[in-house]
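Residue-level listing of the chains:
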Amino acid sequence: MLTTLTVIVLGLLAAARLPISLLPEVGIPRVSVQVSYPNAAARTVEDAVVAPLRNTLLQVNGLTDIQSRARDEAAILYLDFPFGTNPDLAFIEVNEKIDLAMNQLPREVERPRVLATDVSDIPVVQLSVTLRARDAVAGALPAAAVQREAAEMLELSELARNVLRRRLEQLPEVAFADLSGQRNPRIVIRPNQPALRAVGLTENDLGGLLRSANVELGGLLLRDGYYEYAVRFTGGLRTTEDLRALYLNLGGDRTVALGDLAEVSYEASPARGTYLYDGQPGVVFTVRKRADASLFDLRENLGLLLDDLRAQYPELHFALNNDQTSVLRASMDNLTGGLLYGAGFAILILFAFFREWRRPLLIGLAVPVALLIAVLGFYLVGLSINVISLAGLILGVGLMIDNSIIVLDNIRQYQGRGGTEVDERARVATATNEVIRPLLSSALTTVAVFFPLVLLSGIAGALFRDQAISVTLALVASLAVAYFLLPMLTTLLGRGRVEAASVAASEKIISEEGPSLWVRLGQGLLLLLWFGLGLVLVRALPSQGFPALSRTDYQLRIEWNEALPLDVHRTRVRALNDDWRARFGGQTAAFLGENQFLLAEENQAMNAAELQYFLAAPPAAEDFAAAWLAEVRAQYPRAGISFRPLANLFDRIFLNDAPYLELRLRATGERGTPPPEAVDELVAGLAAAGFAPELPGRAEALALRIDYPQLAISRVDAEVLRGRLLTLFSENEATRLRVNDRALPVLLASADSLSAQRLLAATVTNRDGNEIPLAYLLERERRSDYRVLTADRAGEYLALPFAGAPGAEAVELISSVAARYPALNSQLAGRYLEDQTRLGELAGILLVSLLLLYLILAAQFEGLRLPLVVLLIVPVSLVGALLALWLTGGSLNLLSLIGMVVSGGIVVNDAIIKVDMIERSRREGLPLNAALRRANQRRLRAIVMTSLTTILALAPVLFTSGLGAELQQPLAITVIGGLTVGTLASLYVVPFLYRVLGGPGRQRFLNR
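An unreviewed UniProt entry lists the protein under the name Efflux RND transporter permease subunit, with Neolewinella lacunae given as the organism.

Take a look at the structure:
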């Protein structure tokens, strides 16, 4: 008793200290390399930067695959490694290879940034901070409103960087708060061209004077006697007023104030992207959790912080979205509900069968104690509470109840025979010892099913590791409670009411003489037909990685395929979001153009948008937005539009971002991406066959090229032309001012907004002081190319992804259509091929599991034929689970497979204790029929009670709704169907199989 109390206290302490996460700490063996090449086209980025990097990174040890995506001004490379690779070593080696490749890259390209990703790096919540809503303005904003909004966004960005991010990262559970949507300040100098010419200066001269005036010597040391002082020397330029009052030396005694030559202003940098929440501009944080922190604690503390911020900044609006804690909370509710329902129905069933209060009370005490022992095991092995380990714990809870019922029922059968207290204790010990061996075998068989799943390649095997360990710990705790605690408590509480004749009615189920030969042959034929039905159901049921869940968050991705300015882009997006809210309600968020997240694996193109929709409740149908999407596609026919649920962590882990099936095209005998003409022919052929792949986006750009002969004739210096062009594009940085902890850029810019016509009409000063129009010096042409250039270790390719999940026949047809075009080299890729590989692995692992099961049962029964009696019960119950899925319109997915394992484990448990009882009776000298009848008498009540307990505990899930119910329903359906059939199989199929496989020989079987 003292040991039990000690374990309970330790379990409670461990439960308080266990980290709570959505998923286990599983390292994703992927390293991403981010490349930035400003003002470069996608083709230039691919040829000058990505291709040399890709060729160098192919030399990294253990690399399994490399993928690259190049677009205008940026690119990203993904490096995949075998699971189990040390991410730190891979990260270091990738950085070393990049250092070696830097001398092959253009000098103006910054060193690529390397990121090693992990599940814990995925944001767990999204926090939007926006300005309070104003009256909506149709169309583009007026100039005054644009300026006012830019000024307010500068203030909000400063607050977000210096205050809000620090407040978030001060929370003990937060590892990092990533920020996007911010506007960066700059000082813009717009030269007055007549004034510059009057004093004989050019824009390049003005930039040089500014750089020389902005003196920054940094930290210096000055010795004064015995003391040494740190001296900070700065030029004193800090604000726009300092710059306006700055006097520039024009040579000799001539000086002039900068304010007399140019307009100086403090303003926001031109936005390359923006963030909107419910149509209002703002900033957005993605919050990442520390690996050892509790997800629930983070959510609670974040809520308290937001309450404080709302009170402190009433002019701002704070909103939380894309909260990943809801899935974990649903799993916790499932566990709590399973415990309550399971314990409650177990107690009711025990009352109904035993008609006394002691044994139901023992069940109520045993399950929590076993659960605390399992939690203590979690703490000792370093396991966290997450949805994967909870799935194993839910299975363990069911087995805890079943083992307790079996032990208590067997003790009941030994009690009531009279005798002293010493005899009573001996009978309790005998009853416990009689069933502990088959219970141990059933526990080992369950572990034998789970542990081989760890051998699955990739992240699936790592995730099953947590589940296998949690199942093992739950089983160990269950056996410990059943063997030590229950007998002790039974002795202390007394034997209670015992009905010796309570099982006598079951003697009629198996007759004294046994079934006839024709009955046995009929039973065998029905068994074969039942297995055949299972094969038909496996082919008929659809399969998916995870069950379809009701979603409230959706994502609309748009590639406009037009060179849109940001204000037009924003006008379109606001109109779409306003229309969505008017039709469907809820909140909307939008990422327009590029984002500024530091940990984002891939940035968004400037003419792309990601619209996020957060509904108050799940929609009634999956295609609820089909009509609206059709209108959007008709309104913007050139745009590439995709609509799907907003990806959560389950999508990232179980489905990843790869398309289900894509066709990769390469030009036969040539390098580079296939020409559009050849691709269009293939797309037309696929369309004729009934397939409509998603077409790659194409971009049209205006290419400017310097006419160097004309440049020499016009006596214009190339450096002067470069500075003039940068000034016209407002990108001519003259210097930087050190303001607090930031470097504020000072840029020379044109006084007027730029257009193609104004660009060519602008002039540049030559060496003679004459103004030369840029139209004489620049050649221009329009170019069209693919917006994104993709490549793998074999080189560039063009991807044609297919929507949905095409079947095997469709895949073969796509391959045959692609083979008709010899100018293109085609290759299939995507999750379809990965799933085929995974199915092959799973088949091999199942064979390993069956072999382990057979060996464990062979050791239990000390023979080679009896294990088959138990093993053949499992497919009988699985056919029942498949039939239940088919009748309810379900699918084969991860949770339904777990349900099959649960039902199989309980059925195996029932079969083992029954076959063990038959063997005990035969060793005592009973004939076969008598042994079968006695096993039925002794084990019928326990088998029925364990099955009813589990079925009734899961039945309420079938009539509830919500995320928790949807996660539990596939498991509940398969368990109920499998146990219903499995219980009948234990009563009728086990005796039949034992006659076939457990008798002395086939002739004796036929003679009976």
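So that's the structure; there's more coming.
Student: I keep staring at helix α16 (residues 566–584) and nothing clicks. Help me out?
Tutor: Within an α-helix, residues lying three or four positions from one another point in the same direction, as the helix has 3.6 residues per turn. Between its first and last C-alpha atoms α16 spans 26 Å; for 19 residues at 1.5 Å apiece the expected length is 27 Å, and the two agree. Regarding α16, the residues found buried are His569, Arg570, Arg572, Val573, Arg574, Leu576, Asn577 and Trp580. Positive phi shows up at Gly585, right after α16, with a value of about 75°.

Student: Sorry, what's going on with the pairing of strand β27 (residues 789–792) here?
Tutor: Looking along a regular strand, one sees the side chains alternate between the two faces of the sheet. Of the two faces of β27, the one lined by Leu789 and Ala791 and the one lined by Thr790 and Asp792 are each fully buried. Inspection of the sheet shows strand β2 (residues 65–71) paired to β27 by three bridges, in the antiparallel sense. Considered in β27, the bridge of Ser68 is made with Ala791. Alignment of β27 against strand β28 (residues 795–802), held across three bridges, turns out to be antiparallel. Bridge pairing links Ala791 to Glu796 in β28.

Student: What is the right way to read the sheet that holds strand β3 (residues 74–80) from this model?
Tutor: Paired through their backbone hydrogen bonds, the strands of a sheet run either parallel or antiparallel. With antiparallel pairing, eight strands are arranged side by side in an open sheet as β4-β1-β3-β2-β27-β28-β20-β29. With one partner strand each, in any of the chains shown, β4 (113–116) and β29 (824–829) form the two edges of the open sheet. Averaged over neighbouring strand pairs, the angle between their axes works out to 25° when direction is ignored. Note that β2 and β3 share seven bridges and pair antiparallel. Bridging from a neighbouring strand, Gln67 pairs with Tyr78 of β3.

Student: Help me understand the nonpolar core, please; the structure alone is not making it clear to me.
Tutor: If you look at the biggest cluster of nonpolar residues, it comprises 105 residues, and the most contacted ones within it are Val870 and Ile873. With 14 residues, the single largest contributor to this core is helix α14 (residues 459–493). Look past the residues within four positions of Ile873 in its chain and what remains in contact with it is Val907, Ala911, Ala985, Val989, Val990 and Leu993. Judged by nonpolar contacts, the second largest core, of 50 residues, contains Val49, Val679, Tyr786 and Leu789.

Student: Is there a simple way to think about helix α11 (residues 358–381) in this case?
Tutor: Over its 24 residues, α11 runs 35 Å from end to end, which matches the ideal 34 Å to within 8%, given 1.5 Å per residue. Note on α11: the residue one or two positions beyond its end, Gly382, has a positive phi of about 80°.

Student: How do you make sense of the sheet that holds strand β22 (residues 732–739) when you look at a structure like this?
Tutor: Spatial strand order, β12-β7-β23-β22: four strands in an open sheet with mixed pairing. The two strands at the open ends of the sheet, each matched to only one other strand, are β12 (262–268) and β22. The average undirected angle you get between the axes of adjacent strands in this sheet is 25°. The sheet contact formed by strand β7 (residues 185–191) and strand β23 (residues 742–748) spans three bridges and is parallel. When the bridges of β23 are listed, Ile187 appears paired with Val746. Packing of helix α6 (residues 203–213) onto the sheet brings it into contact with β7, β22 and β23, and relative to β22 it is tilted by some 20°.

Student: How should unusual backbone geometry be read in this particular structure?
Tutor: Keep in mind that most residues, glycine aside, have a negative phi and that most peptide bonds are trans. Of note, the phi angle at Glu73 is positive, near 75°, even though the residue is not glycine. Relative to the assigned elements, Glu73 resides in the loop between β2 and β3. The buried category is assigned to Glu73, whose relative accessible area is 18%. The phi dihedral of Ser730 is positive, around 60°, even though this residue is not glycine. As for its position among the elements, Ser730 is in the loop between α21 (718–728) and β22. Look at Ser730 and you get buried, because its relative accessible area is 16%.

Rules used throughout
- Residues numbered from 1 in each chain as written.
- Predicted model: local features only at pLDDT ≥ 70, side-chain atom pairs only at ≥ 80, totals over all residues.
- Heavy atoms only, no water.
- Helix = DSSP H or I, 4+ residues; strand = E, 2+ residues; numbered from the N terminus.
- Expected span 1.5 Å × (residues − 1).
- Buried < 20%, exposed > 50% of the residue type's maximum accessible area, 1.4 Å probe, protein only.
- Pairing = 2+ DSSP bridges.
- Axes fitted to C-alpha atoms, helices over the stretch in contact; angles between N-to-C directions.
- Core = buried A, V, L, I, M, F, W, Y, C linked by side-chain atoms within 4.5 Å.
- Contact = heavy atoms within 4.5 Å.

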